[in-house]
Each structure stands twice: as structure tokens, then as C-alpha cells.
Amino acid sequence: MSGDHARLLVVGSINADLVVRVPRHARPGETVLGGDLVVHPGGKGANQAVAAARLGADVAFAGRVGDDDHGRMLRATLRREGVRTDATRTVPGTSGVALITVDDAGENTITVAPGANGRFGPADVADLAPAIEAAAVVSLQLEIPLDTVWAVIRRCEAVDTRVVLNLSPVVAADVLTSASVVRVCDPLVLNEHEASVTTGAKAGDAGEALKVLRALDPRPRSIVLTLGGGGALVAVGDAEAVHVAAPKVAAVDTTGAGDAFTGALAWRLAAGDDPVAATRYAVRVGAAAVRSAGAQSSYPTADELP
């Protein structure tokens with residue numbers, strides 16, 4: 001690391017992931033016996049920061065943890081992974097927690113209790129001004145209050161800092177367009193499910209979803225639509241969308257793979273790659289992340305990519 005500020009600033013959530021393996025996911029009203037409970041560091045924001053750091057990025061994380069055991073573990077993990085934590089604050093109360101079940105097919109369900117993440121307010125954004133101005137890229141997700149996310153994006157726009165917005169958890173298109181911040185996103189990153197919910201396009205129809213996203217008013221400067229094992233679509237301005245294929249791997253656990261992808265994408269953009277080159281790198285990182293269990297624990301170093 002060099003200088004007073006990181007090239008990549010991740011602003012967002014940080015959680016303790018409480019994970020249980022199950023043979024299959026329970027139906028409503030049903031009890032399914034699983035394996036032992038395992039606690040991992042997680043949260044979409046922290047995941048992105050750790051994924052980037054593992055790959056060699058100069059990255060800082062801005063977020064909130066509680067003054068509990070989970071919070072102390074989460075801060076220590078960031079520092080151990082080489083993530084700058086000057087903008088990570090401890091606040092009274094509990095840290096964020098994600099309750100995760102993973103089935104034998106490697107698919108997951110996640111329920112999040114935001115905890116301290118919900119106490120990261122728009123008034124806190126002023127303290128981030130120097131870091132935002134110095135960063136090449138600021139990467140965000142939607143597990144902290146939306147008003148805080150919008151305030152960060154507006155601050156980025158004012159100082160011409162590139163914004164990567166991962167639309168997860170998903171919100172409707174009118175939420176994005178009413179805040180007007182979508183015009184700054186470069187790119188807006190979302191998966192097929194999120195694209196379907198946001199656009200109303202039929203699930204699995206990535207082409208139609210991309211068409212609707214490009215017609216938003218205002219619209220993102222660029223879009224990256226991830227397709228799981230199918231790779232990703234990259235659309236920049238009015239140019240024809242480019243499909244980026246993903247390497248074939250055996251999926252063990254998909255938890256946090258999207259965060260690994262977005263963290264890698266944001267870092268490569270901060271390093272100067274164009275969107276297609278950055279996406280080519282990111283799909284390799286996302287593929288590597290599904291090959292083992294957990295979120296951050298599964299993230300590869302640069303020499304472990306497929």
C-alpha cells in the first residue's frame with residue numbers, strides 16, 4: 001500500500017455469517033436437520049474488500065460494526081487480510097449477522113439482520129470525503145441504508161470518482177431512477193435474478209433485461225449482468241453488449257461468489273482496465289470462489305485463478 005488513501009474504497013456492509021450445511025432447503029413450516037454451525041466473516045461490502053485485497057489491491061473499507069464479539073472478529077479479519085480499516089467504525093449494539101443455509105447442490109439461502117450496518121447514516125458520509133476524492137473507484141452495495149448509498153454516490157459524482165454499484169439486495173427500477181444516482185453507475189452490476197426483479201423481464205431472459213436496463217431514464221453509464229456459470233454480459237453506453245464466458249468449475253458453495261466477482265471487477269477498473277477486460281478477470285475470480293465453502297474463506301489469490 002502507498003499514500004494516505006486507497007485506490008479502491010468499498011463502502012457497505014460487514015456481517016458475521018452463521019452458516020449451516022443442509023441436504024436440502026426447508027419448505028415453509030418444515031424443519032431440516034443440518035450440520036454444525038460455522039461462523040465466517042462476511043457482509044457484501046467486507047466480502048468485496050477482502051476479495052480485492054486477496055488479489056493484491058490497495059483497498060479500504062468503510063462500514064460499521066457493533067461493540068460485540070462479532071464486531072471485534074470482523075475488524076480483526078479485515079486487518080489480517082490487508083484491508084485498510086481507518087473508515088470502519090465501532091458503534092454501540094450488535095454487529096450485522098447473516099443466517100445462511102447451503103444445500104448439497106451448493107445453492108444458498110440468506111437472511112440478514114443488519115445490526116450496526118443499519119446505523120451507518122447519510123450524516124456519516126461527510127467523513128469519507130477525502131477518501132472518496134482520492135479513490136479511483138468507490139464500490140457499493142445495498143445492505144446499508146439506501147439514503148447513505150445515494151449520499152456516497154452523489155459525493156462521488158461531485159468529485160468525478162468512478163462508482164461501481166452492485167444492485168444487491170435488489171430494488172425496483174423506480175427506486176434507482178427516482179434517486180437519479182443510476183446515471184453515475186459505471187457499471188451497475190447485477191445478476192439474472194436481480195435483473196428480472198428490477199426490470200420485470202422474464203427470469204432467465206438476460207437479453208430482454210439488459211434492453212430494459214439500457215432504457216432506464218436516467219440510465220447507467222455501463223452495465224455488467226452476471227450469468228452465474230454462463231459468465232457475464234457487459235454493456236457500455238450504446239455499444240453492442242459483449243458476452244464474457246466463465247471457466248467451467250465444480251460448484252461447492254456459491255455463497256459470496258457475486259461479491260468476489262464485484263470486488264475483483266472494481267479493483268481491475270481502479271487499476272485502469274476497460275470494462276470488458278475487468279469483467280474477464282472478475283469471472284475467473286467468481287468461478288474460483290465457488291470451488292470451496294464459505295464466502296471470504298473461498299476467495300482466491302491471483303495465482304489460484306482458473
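Refer to the structure above for everything that follows.
All figures in this text were calculated on a predicted structure; none of them were measured in a lab.

1. Some words on the pairing of strand S7 (residues 108–113)
So, step 1. In the sheet, strand S6 (residues 96–102) pairs with S7 via six bridges, with the strands oriented antiparallel. Within the sheet, the bridge partner assigned to Val-102 lies in S7 and is Asn-108.
So, step 2. Count of turn residues in the S6/S7 antiparallel hairpin: five residues, of which Gly-106 carries a positive phi of about 85 degrees.

2. Brief notes about the sheet that holds strand S12 (residues 232–236)
So, step 1. Spatial strand order, S5-S4-S1-S8-S9-S10-S11-S12-S13: nine strands in an open sheet with mixed pairing. Of all the strands in the sheet, just strand S5 (88–91) and strand S13 (242–244) have a single pairing partner and so form its edges. The sheet shows a mean angle of 15 degrees between the axes of neighbouring strands, direction not considered.
So, step 2. Sheet strands touched by helix H1 (residues 44–54): strand S1 (8–11), strand S4 (59–66), strand S8 (137–140) and strand S9 (162–166). Its angle to S4, the strand with the most contacts, is close to 150 degrees.

3. Section: the sheet that holds strand S3 (residues 38–42)
So, step 1. One open sheet holds the four strands; their spatial order is S3-S2-S6-S7, and the pairing between them is mixed. Each of the sheet's edge strands pairs with one partner strand only, and the pair in question is S3 and S7. Going across the sheet, the axis of each strand differs from the next one's by a mean of 25 degrees, ignoring polarity.
So, step 2. Pairing analysis gives seven bridges linking strand S2 (residues 15–21) to S6, with the strands arranged parallel. Note on S6: the bridge partner recorded for Arg-21 is Val-102.

4. A closer look at helix H2 (residues 69–80)
At 3.6 residues per turn, the α-helix brings residues three or four places apart onto the same side.
So, step 1. Spanning twelve residues, H2 covers 16 Å between terminal C-alpha atoms, matching the ideal 16 Å at 1.5 Å per step.
So, step 2. Restricting attention to buried positions, one finds in H2 the residues Gly-71, Leu-74, Arg-75, Thr-77 and Leu-78. Projection of H2 onto a plane perpendicular to its axis shows the buried side chains occupying an angular sector of 160 degrees, all on one side. Relative to its buried face, H2 has exposed residues pointing more than 90 degrees away, namely Asp-69 and Arg-80.
So, step 3. Contacts from the buried residues of H2 go to S2, S3, H1, S4 and S5.
So, step 4. Two residues or fewer after H2 comes Gly-82, characterised by a positive phi angle close to 90 degrees.

5. A closer look at the packing of helix H6 (residues 192–199) against helix H7 (residues 206–214)
So, step 1. Across the interface, H6 lies against H7 with an axial gap of 9 Å and an inter-helix angle of 50 degrees. Classified by the angle their axes make, H6 and H7 are oblique. The hand of the H6/H7 crossing is left-handed. Taken together, the residues of H7 that come into contact with H6 (itself represented by Glu-192, Ala-195, Thr-198 and Thr-199) are Ala-206, Ala-209, Val-212 and Leu-213.

6. Notes on the pattern of salt bridges
So, step 1. This model, assessed by the stated rule, comprises eleven salt bridges.
So, step 2. In this structure, Asp-259 engages Lys-44 in a salt bridge whose closest nitrogen and oxygen atoms are separated by 3.9 Å. Residue Asp-259 is located in helix H8 (residues 257–270), and its partner Lys-44 is located in helix H1; the two are separated by 215 residues in the primary sequence. The pair Asp-259 / Lys-44 is uniform in exposure class, with both members buried.
So, step 3. In this structure, the salt-bridge partner of Arg-64 is Asp-124, at a minimum N-O distance of 3.7 Å. You can see Arg-64 sitting in strand S4 and its partner Asp-124 sitting in the loop between S7 and helix H3 (129–134), a full 60 residues away along the chain.
So, step 4. For Arg-64, a relative accessible area of 6% corresponds to the buried category.

7. Considerations on the packing of aromatic side chains
So, step 1. Scanning all chains against the criterion turns up one aromatic pair.
So, step 2. Ring plane angle 70 degrees and centroid distance 5.9 Å describe the contact between Trp-267 and Tyr-281, whose orientation is recorded as edge-to-face. Of this pair, Trp-267 sits in helix H8 while Tyr-281 sits in helix H9 (residues 275–289), placing them 14 residues apart in sequence.
So, step 3. Among the residues examined, Trp-267 registers a relative accessible area of 14% and is labelled buried.
So, step 4. In this arrangement the basic side chain of Arg-64 is found over the ring face of Phe-120, its NZ or CZ atom lying 4.3 Å from the centre.
So, step 5. Here Arg-268 stacks its cationic end above the ring of Tyr-281, 5.7 Å away from the centre of that ring.

8. Considering helix H4 (residues 146–159)
So, step 1. With 14 residues, H4 ought to run about 20 Å at 1.5 Å a step, and its terminal C-alpha atoms sit 20 Å apart, in line with that.
So, step 2. Restricting attention to buried positions, one finds in H4 the residues Thr-148, Val-149, Trp-150, Ala-151, Val-152, Ile-153 and Cys-156.
So, step 3. Buried residues along H4 sit in contact with S1, H3, S8, S9 and helix H5 (173–179).
So, step 4. Looking one or two places after H4, you find Asp-160, whose phi comes out positive at around 60 degrees.

Criteria and thresholds
Residues numbered from 1 in each chain as written. Predicted model: local features only at pLDDT ≥ 70, side-chain atom pairs only at ≥ 80, totals over all residues. Heavy atoms only, no water. Pairing = 2+ DSSP bridges. Helix = DSSP H or I, 4+ residues; strand = E, 2+ residues; numbered from the N terminus. Axes fitted to C-alpha atoms, helices over the stretch in contact; angles between N-to-C directions. Contact = heavy atoms within 4.5 Å. Expected span 1.5 Å × (residues − 1). Buried < 20%, exposed > 50% of the residue type's maximum accessible area, 1.4 Å probe, protein only. Arc of directions from axis to C-beta. Parallel < 35°, antiparallel > 145°, perpendicular 65-115°, else oblique. Left-handed = near helix turned anticlockwise from the far one by under 90°. Salt bridge = Lys/Arg side-chain N within 4 Å of Asp/Glu carboxyl O. Phe/Tyr/Trp six-rings, centres within 6.5 Å; stacked < 30°, edge-to-face > 60°. Lys NZ or Arg CZ within 6 Å of the ring centre and 35° of its normal.

Any link to function would need more than the numbers given here.
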